[in-house]
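# Structural overview for review
Read off the chains here:
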Amino acid sequence: MASSSSIDELPSSAAETLTSQPPSSTTESLPMETSAIEINGLPLLTKTLTPPAPAEPIPMETSSIEVLHPAPVEPIQSSDSNPTDNIESVGEKRKRADDEKTNLESSEMKATPSPWWKTSLCSYFRREASCSHGSECKYAHGEQELRMKPDKTWDPTSERGKKTKAMKMSEKEEKEDEEVLFTEQMMESIDDDGSVFDLSLSKCLVHLPRKWQSDELKTFLGEQGVQYKSAKKRRGMMVGFVTFENAEQLQSGVEILDGKTVNSNKLKIADVLPRTFDKNETKKSVKCAREAVTPLADMPYADQLEQKKASIGQMLKKLARSARKACPNGRSLPEWVLTSRDRGGLACNFEGIIESPISNGYRNKCEFSVGLSLQGKPTVGFSLGSFCAGVTAVEEPVNCPNVSQIALQYASIFQKFIEKSKLQVWNRFEHSGFWRQFSVREGRKPGVFSNDEDAVTRIAEVMLIVQVCLTGSDEAEVATEYEEMAKAFAEGARASSPTLPLTVLVVQNHTGISNVAPPDAPLQVLPIPMSDNGKNQEQATNVLTEARIHDHINNLRFSISPTAFFQVNTVTAEKLYSVAGDWAGLGPDTLLFDVCCGTGTIGLTLAHRVGMVIGIEMNASAVVDAERNATINGISNCKFICSKAETVMSSLLKQYLDVTEMEEAKPVSNANDKKIPSTEEMSNSEHVADQNLPPPNTQVEELQDNAQKDSSSIEPEKAIKPQFRNVVAIVDPPRSGLHPAVIKALRTHPRLKRLVYISCNPETLVANAIELCTPSFDEADRGNKTYRGNKNIGIAGLARRRAKSMPTSEPFRPVKAMAVDLFPHTDHCEMVMLLER
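First things first, this report covers the structure right here in the doc. None of the values given here were measured: they were computed from a predicted structure.

So, about the overall build of the protein. Secondary structure summary: the protein contains 22 helices and 26 strands in total. Residues counted as buried form 46% of the 837 residues belonging to the protein. Contacts in the protein between residues at least 24 apart in sequence constitute 71% of all its contacts with a sequence separation of at least 6. With an accessible surface of roughly 41,900 Å², the protein has 49% of that area assigned to carbon and sulfur atoms.

Turning our attention to the pattern of salt bridges. Throughout the structure, instances matching the rule amount to 16 salt bridges. Salt-bridge contacts for arginine 160 lead to glutamate 143; the nearest nitrogen and oxygen are separated by 4.0 Å. Placement of the pair is arginine 160 in helix H5 (residues 159–179) and glutamate 143 in the loop between helix H4 (123–128) and H5, with a sequence separation of 17 residues. Note that aspartate 298 is salt-bridged to arginine 290, the shortest N-O span being 2.9 Å. Aspartate 298 sits in the exposed class, given a relative accessible area of 67%. Arginine 290 sits in the partly exposed class, given a relative accessible area of 23%. Within the structure, one salt-bridge network assembled from shared partners comprises Arg754, Arg813 and Glu836.

With that out of the way, let us pick up the nonpolar core. Ranked by internal contacts, the top residues of the largest apolar core, which has 54 residues, are Phe593, Met649, Leu746 and Met833. Among residues more than four places away in sequence, those in contact with leucine 746 are Met649, Ala729, Val731, Leu738, Leu752, Leu755, Phe812 and Arg837. Membership of the second largest hydrophobic core comes to 51 residues, among which are Ile358, Trp583, Leu606 and Met818.

The next thing to look at is the environment of glutamate 351. One can find glutamate 351 in strand E10 (residues 349–354). C-alpha separation for the pair glutamate 351 and lysine 309, spaced 42 residues apart in sequence, amounts to 9.7 Å. With near-sequence residues (within four places) excluded, glutamate 351 lies in contact with Trp583, Lys816, Ala817 and Met818.

Let us look at the pairing of strand E14 (residues 435–444). In terms of burial, E14 is largely enclosed, as 10 of its 10 residues are buried. Relative to E14, strand E11 (residues 365–372) runs antiparallel, the two sharing five bridges. For cysteine 366, the partnering residue across the bridge sits in E14 and is valine 440. Relative to strand E15 (residues 459–468), E14 runs antiparallel, the two sharing nine bridges.

Right, let's get into the side chain of threonine 826. With respect to the helices and strands, threonine 826 occurs in the loop between strand E25 (813–820) and strand E26 (830–836). Threonine 826 gets classed as buried once you look at its relative accessible area, which sits at 7%. Engagement of the side chain of threonine 826 in a polar contact is seen with the backbone oxygen of phenylalanine 823, the distance being 2.7 Å. Residues in contact with threonine 826, not counting those within four places in the same chain, are Val293, Thr294, Pro295, Leu296, Lys308, Tyr362 and Asn402.

Another aspect to go through is the environment of leucine 374. Relative to the helices and strands, leucine 374 is located in the loop between E11 and strand E12 (378–383). Given the relative accessible area of 7%, leucine 374 is considered buried. For the pair formed by leucine 374 and glutamate 395, sequence separation is 21 residues and the distance between their alpha carbons is 7.9 Å.

So, on to the sheet that holds E12. Strand order in the open sheet formed by seven strands is E13-E12-E11-E14-E15-E16-E17, with mixed pairing between adjacent strands. Every interior strand has two partners, whereas the edge strands, strand E13 (394–395) and strand E17 (523–526), have only one. The strands that helix H12 (residues 405–420) touches are E11, E12, E14 and E15; relative to E14, the one it contacts most, it runs at about 155°.

This part covers the side chain of lysine 308. Topologically, lysine 308 is positioned in helix H10 (residues 301–326). Excluding anything up to four places from it in sequence, lysine 308 contacts Leu296, Ile353, Asp821, Phe823, Pro824, His825, Thr826, Asp827, His828 and Cys829.

Taken in spatial order, the four strands of this open sheet run E5-E6-E4-E9, and their pairing is antiparallel. Lying at the two open borders of the sheet, with one neighbouring strand each, are strand E5 (230–233) and strand E9 (268–271). Strand after strand, the sheet turns through a mean of 25° between neighbouring axes, direction not considered. As defined by bridge partners, E5 adjoins strand E6 (residues 239–243) across four bridges and the pair is classed as antiparallel. Within E6, the residue paired with lysine 233 across the bridge is glycine 240. Across the sheet, helix H7 (residues 214–223) is in contact with strand E4 (202–206), E5 and E6; its angle to E5 comes to roughly 130°. Those strands touched by helix H8 (residues 247–257) are E4 and E9, and its axis lies near 10° from that of E4.

Conventions used here
Residues numbered from 1 in each chain as written. Predicted model: local features only at pLDDT ≥ 70, side-chain atom pairs only at ≥ 80, totals over all residues. Heavy atoms only, no water. Helix = DSSP H or I, 4+ residues; strand = E, 2+ residues; numbered from the N terminus. Buried < 20%, exposed > 50% of the residue type's maximum accessible area, 1.4 Å probe, protein only. Contact = heavy atoms within 4.5 Å. Areas by Shrake-Rupley, 256 points an atom, 1.4 Å probe, with all protein chains shown as cover. Salt bridge = Lys/Arg side-chain N within 4 Å of Asp/Glu carboxyl O. Core = buried A, V, L, I, M, F, W, Y, C linked by side-chain atoms within 4.5 Å. Pairing = 2+ DSSP bridges. Polar contact = N/O pair within 3.5 Å; in protein donor to acceptor, adjacent residues only side chain to side chain. Axes fitted to C-alpha atoms, helices over the stretch in contact; angles between N-to-C directions.

In short, shape yes, function no, at least from these values alone.
Structure below.
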């Protein structure tokens, strides 16, 4: 009989019986049969005793071995040991090895704990002063047990974390104060009563309430017992000016005011600089344009990506902490909040960052301020700080790696022109002047480009937008200036090597205080004079040219008007839209809502993957562009609505999704068969598509009016209402985030199961996600409006308060997030998050 067995498989009782039997003298006369067993995984030959039939069986103490093996098993005796002793030594050796292995693993676990061990405070211990896990709890029971996290930070809720944050804020404020420029011109522009003052006896107060004016500042100084000669403060700014009678008053006033707290803000005392000065000679640390616009330019790009990854990671941790606070008391926390600590505190899986293929000169839109430099020279460039902090100086955009070479050259051409112009540059203090802002928009050729390629070769079209203020100007003088300006741009473009592209020149009239003009600000297209070709006359060939250029994303051609939103980094935007489409889970039976669609880039690039696209945009000219883009690219399953999303979102969801349960989904026929045409096909078919577009000489105002009439009205009785099984929304809101009404419409509609949120401001994404992803409150606790009037509450805290009034509905949950670096060399980063329920 041949058999195999393993000591590992024997019960303990059987092993003890086998090793406890004494050797018998009868074994020598019994016939033996060779067999094999396994000891520690190795085959070992044995001899099995086979008793004769008439003989009595060998008595056994137990029957455990008989059940497993009818015949007793005995290994071959070694030359110097007994067989049973051998088995016993093998068993004991294995037992000792197992014990040693267990002890080794236990010691290794104690020696090398998780890197996140004791790096966060235990919420149960902090709340109840006890924890059922005791010393085995992986969270710290108090400040003494707390360890630093792997990313060299402390738990933000701990004392050390709060202290570190306060130190960083203090250092940031000190740095900002050193960089703020408070000039004589600024002080003169506030309530100028013609009084003469001495700069050596004047000081600037920083961090005053913005709503204050001169009267409130004087009242405050009187309450503090400060004697002074004059005090000035403009509403909307955080700075004020105080002039003293003599040096003794100045010293006494500084001692009293320095460090005082006003509305939880600590006052700072700064000097008032002369009207014009040389920043190289002054002792004050003055920020240059490169530092103001691209603060990470001196950092290697790989380090920039790591810094932005860490920043997005902190936002995800903030979301988990804020959502924990926003959940109703007495109810279990959502699963994604409970499991956040297993991910190091992250609200969801963080899948890293996508880098930009082009890191230098990537912006296709650059907006330059027009003002005075530190030396008082008219300059086209970037402001060196915030106006509310008293910074109005403008510096040329030299050494700013995010600005394209074409934009730099046109900014230089315009600066040379305004230096000779009879009209003044804009004065932000006095709210007067003519030339305000200069923008350059570029349309790239289709294809992929790298940093080392010549920037001019990848630009096909250029739009120049000059913002002016026509208040108090002479019409004839303005017309002459426009003609000279167009001539300067045309000659400058031709004189460059290689020649700069110039497609359209637009003037925008804006009379507001800020340079941010409304979408409906009046626009005027100016003719661009062409070369006389050796003759004495110049010919204007583009008098009827439309105010638009074209760019390409994913082989689609997009028409862009002066005020329409379009991603400034189109090469990286292609990667962004690809991620959004993959996460959305699109298909031929999908209805896609493109909220805040702009010129329709997201919806149109994904139209071939869905049944239908509904785009919502409040900018009328952008909607016109979106409809035009759909026509140019031959896409017919897209509809664009010109309205605020908070106004029509709820009605659109009802119109397309509210059906009976028995009604089948009916996707648009052949919509999924629509293919994106190639660049060559689009070029050959553009003249056909343009037949359905507005004529070239149509004014922008007429296009906006038509868009509002044709797109804003929703007529369910006349509209075709195909129904869809899968409903997805992709939102790409401005930096302020989604309107509360939009959040309510998205969350309360049960058919919407998946939401992809694209944000250029992760702070507002966190706030909106709190409202979308936290459980609903009971009716008794709902509708608490105590947050109104609390001016110091942050956007996350405001979202937690607002979540209480959310109607009963199933919350979303964050599934995963990713960062996309659309803005190299800056602190900004795009963030994408997938929400499901």
